[in-house]
Amino acid sequence: MRDCKLIRESLSGWLDGQLSTSDAEIIRLHLESCAPCDGERHQLEKLQSSLESLLVSNVPRIAFEPFWAGVRERITKKRSWHEEVMEWARSTFAAPGLAWTVPAIIVVLLGVFALDSFWKLGSQRNNFAAVESIDAHGRNVALLREDETKTTVIWLYQNQEGEDESSGENTETSPSF
Amino acid sequence: MESSDWELVQRCQAGEIGAFQELVLRYHQKIYVVIVGLLRNREDALEVAQETFFRAYRKIKSFQGGSSFYTWLYRIAVNMAIDAQRRQKRNPLDFRETMDGLFEEQNEVARDPFSDVHDRELREKLVASINDLTPEHKAVIILRTVEGLSYKDIGEILGCSEGTVMSRLHYARKKLQEKLSAFL
Amino acid sequence: MSLLGRILKRALLFSCLICLAAAYSVNAAENNSQTVRVKIGTILANNQSDEIDPKLNTIKNQLKVMKYRSYRLLKEETQNVAWQGNAIFEIPGGRSLTVTPQEFRNKQLALKVRLQHGDKPVVDTTVRLNNGGNFLLGGPPHEGGALVLSISATAQ
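Cut-offs and rules
Residues numbered from 1 in each chain as written. Chains lettered and ligands numbered in written order. Predicted model: local features only at pLDDT ≥ 70, side-chain atom pairs only at ≥ 80, totals over all residues. Heavy atoms only, no water. Phe/Tyr/Trp six-rings, centres within 6.5 Å; stacked < 30°, edge-to-face > 60°. Buried < 20%, exposed > 50% of the residue type's maximum accessible area, 1.4 Å probe, protein only. Helix = DSSP H or I, 4+ residues; strand = E, 2+ residues; numbered from the N terminus. Pairing = 2+ DSSP bridges. Axes fitted to C-alpha atoms, helices over the stretch in contact; angles between N-to-C directions. Contact = heavy atoms within 4.5 Å. Buried area = accessible area lost by both parts, 1.4 Å probe. Salt bridge = Lys/Arg side-chain N within 4 Å of Asp/Glu carboxyl O. Polar contact = N/O pair within 3.5 Å; in protein donor to acceptor, adjacent residues only side chain to side chain. pLDDT = per-residue confidence, 0-100.

## What to know about the packing of aromatic side chains
Step number 1: Evaluated as defined, the whole model comprises 12 aromatic pairs over all chains.
Step number 2: Each ring, one from Y68 of chain C and one from Y71 of chain C, has its centre 6.3 Å from the other, and the planes form 85°; the classification is edge-to-face. Like Y68 of chain C, the residue Y71 of chain C is buried in the burial classification.
Step number 3: Their ring planes at 15° and their centres at 6.2 Å tell us that W83 of chain C and F104 of chain C sit as a pair that is stacked. Of the two residues, W83 of chain C sits in the loop between β2 (70-82) and β3 (87-91) while F104 of chain C sits in strand β4 (residues 95-105), which places them 21 residues apart along the sequence.
Step number 4: Of the aromatic side chains, those joined through ring pairs into one cluster are W6, Y27, F63, F69 and W72 of chain B.

## Describing the sheet that holds strand β8 (residues 145-155) of chain C
Step number 1: Reading across from one edge, β2(A)-β3(A)-β7(C)-β8(C)-β1(C)-β2(C) is the order of the 6 strands in this open sheet, with mixed pairing throughout. Looking at the sheet topology across the chains shown, the edges are occupied by β2 (141-145) of chain A together with β2 of chain C. Strand-to-strand twist of the sheet, defined as the mean angle between neighbouring strand axes without regard to direction, takes the value 20°.

## Things to note about the interface of chain A and chain B
Step number 1: Taken together, the contacts link 42 residues of chain A with 50 residues of chain B.
Step number 2: Between chain A and chain B, a total of about 4700 Å² is buried, with carbon and sulfur atoms accounting for 64% of that surface.
Step number 3: Where chain A packs against chain B, one counts 4 salt bridges.
Step number 4: As a salt-bridge pair, D16 of chain A and R144 of chain B come within 3.3 Å of each other at their nearest N and O atoms.
Step number 5: Elements that contribute at least two residues to the side of chain A that touches chain B include exactly α1 (2-15), α3 (35-55), α4 (64-76) and α5 (81-93) of chain A.
Step number 6: Broken down by element, the side of chain A that touches chain B gets its largest block of residues, 12 residues, from α3 of chain A.

## What about the side chain of Q50 of chain B?
Step number 1: Mapped onto the secondary structure, Q50 of chain B falls in helix α3 (residues 42-59).
Step number 2: A polar contact is formed between the side chain of Q50 of chain B and the side chain of R74 of chain A, at a distance of 3.2 Å.

## Describing the pairing of strand β5 (residues 108-117) of chain C
Residue and element names in this part refer to chain C.
Step number 1: With 7 of 10 residues buried, β5 is to be regarded as a mostly interior element.
Step number 2: The antiparallel hairpin formed by β4 and β5 contains 2 residues in its connecting segment, where N106 sits at a positive phi of about 50°.
Step number 3: Sheet topology note: the β5/strand β6 (residues 120-130) ladder contains 10 bridges and is antiparallel. Opposite L115, over in β6, you have V123 as the bridge partner.
Step number 4: Between the end of β5 and the start of β6, which pair antiparallel, lie 2 residues, with G118 showing a positive phi angle near 65°.

## A few points about the confidence of the model for chain B
Step number 1: In the predicted model, chain B carries a mean pLDDT of 82, and 82% of its residues have values of at least 70.
Step number 2: Residue range residues 91-111 of chain B is modelled with pLDDT below 50. Its contacts to residues more than four positions away, or to other chains, number 26 contacts.

## Side note on the sheet that holds β5 of chain C
Two modes of strand pairing occur in sheets, parallel and antiparallel, and in both the strands are linked by backbone hydrogen bonds.
Step number 1: The sheet built from 5 strands is open, its strands ordered β1(A)-β6(C)-β5(C)-β4(C)-β3(C) with antiparallel pairing. Pairing within the sheet leaves two strands with one partner each, and these edge strands are β1 (129-135) of chain A together with β3 of chain C. Between one strand axis and the next, the sheet turns through 20° on average, direction left out of account.
Step number 2: Pairing geometry for β1 of chain A and β6 of chain C, over 6 bridges, is antiparallel. Across the sheet, residue V131 of chain A finds its bridge partner in β6 of chain C, namely V127 of chain C.

This is the structure in structure tokens:
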């Protein structure tokens with residue numbers, strides 16, 4: 001079944017004579033032994049015949065002289081600066097390649113920003129940490145967050161009643177945050 | 001001895017408008033047929049075809065000969081036709097009427113292969129189904145059916161790989177088959 | 001690409017997917033037996049000078065919030081510890097810090113941290129932080145200033 005799917009996907013190329021000799025042979029052999037795929041081939045041939053009748057046989061010939069006159073008139077006509085700019089803009093921004101270029105640039109820029117924020121040195125990264133629980137055993141404690149890197153700081157104040165762990169140590173007042 | 005396309009291009013790049021006229025003579029009918037297949041209207045197709053050659057003249061100095069002249073020209077034509085198609089605001093039914101007018105105008109009735117009712121219905125359905133394709137899928141159908149271009153040339157014209165051309169053709173034909181299954 | 005090439009390409013892609021799935025499941029199983037690398041930086045913060053130890057360049061911005069004028073790295077120590085195991089670090093002034101990695105979920109590690117002075121607990125906290133990230137625990141007085149501990153953990 002999987003082969004039939006691949007064969008049918010390649011039928012267009014086979015009918016148009018665009019496949020390599022070896023691939024064409026694979027398909028020819030398959031069509032000889034697979035009625036459904038051969039039926040598909042017949043349908044495609046009928047479709048192609050109808051398309052050719054519609055699109056090729058019935059288009060009129062156009063006279064060259066009037067056609068060339070129209071082209072020449074365009075070539076010799078002086079265009080205003082406004083028309084020049086519009087034509088440039090239309091050709092630049094309507095180009096098929098640009099349709100992929102613009103989103104590709106956006107994706108690349110987003111990637112650069114994302115990578116940049118991911119790879120910034122420790123102090124620049126988002127260093128967010130969540131304090132799930134804290135027991136300072138009777139001491140005052142402050143939870144701070146440094147703005148730039150979002151680093152969490154747990155600050156323990158000395159016990160004001162003097163029962164602090166550091167009795168005897170010469171301490172300065174706590175810094176203001 | 002007839003000059004090659006590249007010789008004419010080089011003469012044109014040197015400022016010889018007669019060389020460009022020769023190129024227009026060679027390709028104007030082919031370009032017109034492709035564009036009329038993509039657009040719905042003969043007048044629009046004529047206009048776009050003339051614009052195509054005008055644009056080609058303006059850009060001729062940038063043509064380096066990396067691809068063949070005709071694939072380069074077709075690329076301009078297809079892009080302009082697709083742009084024009086997107087700007088069109090006509091009702092899809094107009095396409096059928098325009099194409100009918102096209103046939104009658106040329107007195108092709110006697111040679112019209114769609115003379116009986118069944119064939120006429122097939123033609124109408126085919127026209128409507130082609131219209132429902134995206135511009136890119138319509139382009140591959142037209143270029144392959146009308147011009148018989150190779151996948152390589154079509155890929156160069158549309159700026160995609162041969163594999164993409166085959167895949168688009170497969171998709172477009174499959175869509176047309178589905179819509180025309182009662183007739184095929 | 002030829003038809004044969006496309007058939008081969010699909011078969012190869014399918015095989016790669018199978019291998020990736022197998023590798024992922026093996027990797028998932030390995031996660032349960034990983035250790036955690038815990039690193040503690042012991043920093044003395046005071047206002048006795050205006051210098052910041054160059055060794056602290058990577059966390060200089062983090063220290064700004066405390067508004068001391070001088071920071072000096074006293075020592076740095078790293079230990080590898082199993083999940084639920086205790087990594088014990090000696091901290092100046094007769095103190096010790098015990099770090100116990102709890103779990104690793106959504107790229108974050110949960111750590112249980114206890115600072116004690118001798119046998120007396122000073123603070124017990126559970127912190128969830130980014131893998132490889134750090135937080136600061138500061139305040140214990142020391143040598144005219146205060147100690148700041150930079151605690152970081154990376155799942156191995």
